[in-house]
Amino acid sequence: MTTPSPSRRNFLRGRFRAVDANVMRPPGSVSEFAKLCTECGDCVSACPEKIIRVGEDRLPVVDFALGACTFCDSCAEACTSGALVAGQVESWIWRAEVQENCFSLQGVMCRTCEDVCEPRAIRFKLAVGGKAEPVIDLDQCTGCGECAHSCPAQAVQFKRAQDLSAREKT
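What you see is a predicted model; the values in this text were computed from it and never measured. (Residues numbered from 1 in each chain as written. Predicted model: local features only at pLDDT ≥ 70, side-chain atom pairs only at ≥ 80, totals over all residues. Heavy atoms only, no water.)

**Points about the overall build of the chain**
As a reminder, the rule being used: Per the convention used, a helix needs a DSSP run of H or I reaching at least four residues, while a strand needs a run of E reaching at least two, with both numbered from the N terminus. Relative accessibility under 20% of the residue-type maximum defines a buried residue, over 50% an exposed one, and the middle range a partly exposed one, all with a 1.4 Å probe and only protein chains included. We call two residues contacting when some pair of their heavy atoms lies within 4.5 Å. Note on areas: Shrake-Rupley with a 1.4 Å probe; residue coverage comes only from the protein chains shown.
Counting secondary structure elements, the chain contains 7 helices and 6 strands. Helices and strands in the chain line up, N terminus first, as α-α-α-β-β-α-β-α-β-β-α-β-α. Looking at the chain as a whole, 39% of its 170 residues qualify as buried. For the chain, the proportion of contacts with a sequence separation of at least 24, taken over those separated by at least 6, is 60%. Of the roughly 9900 Å² that the chain leaves accessible, carbon and sulfur atoms contribute 51%.

See the structure below:
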């Protein structure tokens, strides 16, 4: 978690609290995003998928409940403050993780996330009791959010790739 700088600008914008580093910012976000973003809303209105909205901290966030990201760079191209930089798709740090409320983990036949995953990053491993465990290949997952948007159980969350990789190793 980072704390906003104690500037007059942040004070006048009402940024008294720490900025949550686990909030999914639009693709191309730079490390100083919270400082550079002017809250103009250009990235929100430029997104053709309409998945960028204003978050609780009044900064733009990606919301996969609204759809998936095509990584078109429209948001970054619309940004004049330097908070978003076009051509940074490979630096998108978010990857999918399936939660315990997944229908398949509960014994209900569902493969929606696998069906919509274009890079084929999601597979199902058969388990005991008619269940199937979703397995995500983090190297194949682009973090586009199509699986989360399509999941009828809303069981797909996004975590930082480094956090998921560290968990796999333990």
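**Remarks on the nonpolar core**
A general feature of soluble globular proteins is that nonpolar side chains tend to end up buried together. Applied cut-off: Put simply, a nonpolar core is a bunch of buried Ala, Val, Leu, Ile, Met, Phe, Trp, Tyr and Cys residues held in one set by side-chain atoms that sit within 4.5 Å of each other.
Grouped together as the largest cluster of nonpolar side chains are 41 residues, with contacts concentrated most on Phe64, Val156 and Phe158. At the level of elements, helix 4 (74-78), strand 3 (94-98), strand 4 (122-126), strand 5 (132-136), helix 6 (146-150) and strand 6 (156-160) are the ones that each hand at least two residues to this core. With 3 residues, the top contributor of residues to this core is strand 3.

**Details of the pattern of salt bridges**
Convention followed: Each salt bridge in this description consists of a side-chain nitrogen of Lys or Arg and a carboxyl oxygen of Asp or Glu lying within 4 Å of one another.
Scanning the model with the defined rule gives 7 salt bridges in all. The closest approach of N and O atoms between aspartate 57 and arginine 25, which form a salt bridge, is 2.4 Å. A residue pair is termed long-range when its members are at least 10 positions apart, and aspartate 57 in the loop between strand 1 (52-54) and strand 2 (60-62) and arginine 25 in the loop between helix 1 (8-12) and helix 2 (33-36) qualify at 32 residues.

**Focus on the environment of serine 29**
The condition that has to hold: A 3.5 Å cut-off defines polar contacts: any pair of N or O atoms within that distance qualifies, except that in protein one atom must be a possible hydrogen donor and the other a possible acceptor, and neighbouring residues in sequence count only when both atoms are side-chain atoms.
Summarising the element assignment, serine 29 is placed in the loop between helix 1 and helix 2. When the C-alpha positions of serine 29 and leucine 84 are compared, they lie 4.5 Å apart, and in sequence the two are 55 residues distant. Among all residues touching serine 29, those that are not within four sequence positions of it are Ala83 and Leu84. Within the structure, serine 29 has its side chain in polar contact with the backbone oxygen of proline 26 (distance 2.4 Å).

**Digging into the confidence of the model for the chain**
Condition: Residue-level confidence of the predictor is summarised by pLDDT, bounded by 0 at the bottom and 100 at the top.
Counting all residues, the mean pLDDT for the chain is 88, and 85% of those residues have values of 70 or more. Mean pLDDT values over the elements of the chain span from 61, in helix 1, up to 98, in helix 3 (residues 42-46). The low-confidence segment residues 1-5 (pLDDT under 50) makes 14 contacts with residues lying over four places distant or belonging to another chain.

**Brief notes about the side chain of arginine 95**
Our working definition: Just so you know, the count uses Lys and Arg for positive and Asp and Glu for negative, and it drops His and the chain ends.
Of note, arginine 95 is situated in strand 3. Despite its burial, arginine 95 remains without a salt bridge, the nearest opposite charge being carried by aspartate 139 at 7.3 Å. Side-chain polar atoms of arginine 95 contact the backbone oxygen of tryptophan 92, separated by 3.0 Å. Setting aside its immediate chain neighbours within four residues, arginine 95 contacts Leu138, Cys141, Thr142, Gly143, Gln157, Phe158, Lys159, Ala161 and Leu164.

**Some thoughts on the pairing of strand 4**
Heads up, the rule is: Any two strands with at least two DSSP-identified bridges between them are counted as paired.
The sheet contact formed by strand 4 and strand 5 spans 5 bridges and is antiparallel. Its bridge partner lying in strand 5, phenylalanine 124 is registered against proline 134. Here strand 4 hands over to strand 5 after 5 residues, with glycine 129 in that stretch at a positive phi of 80°.

**Quick look at the environment of phenylalanine 158**
Residue position: phenylalanine 158 is located in strand 6. C-alpha separation for the pair phenylalanine 158 and arginine 95, spaced 63 residues apart in sequence, amounts to 5.3 Å. If we skip the residues at most four places from it in the chain, phenylalanine 158 touches Met24, Phe64, Trp94, Arg95, Ala96, Gly143, Gly145, Cys147 and Ala148.

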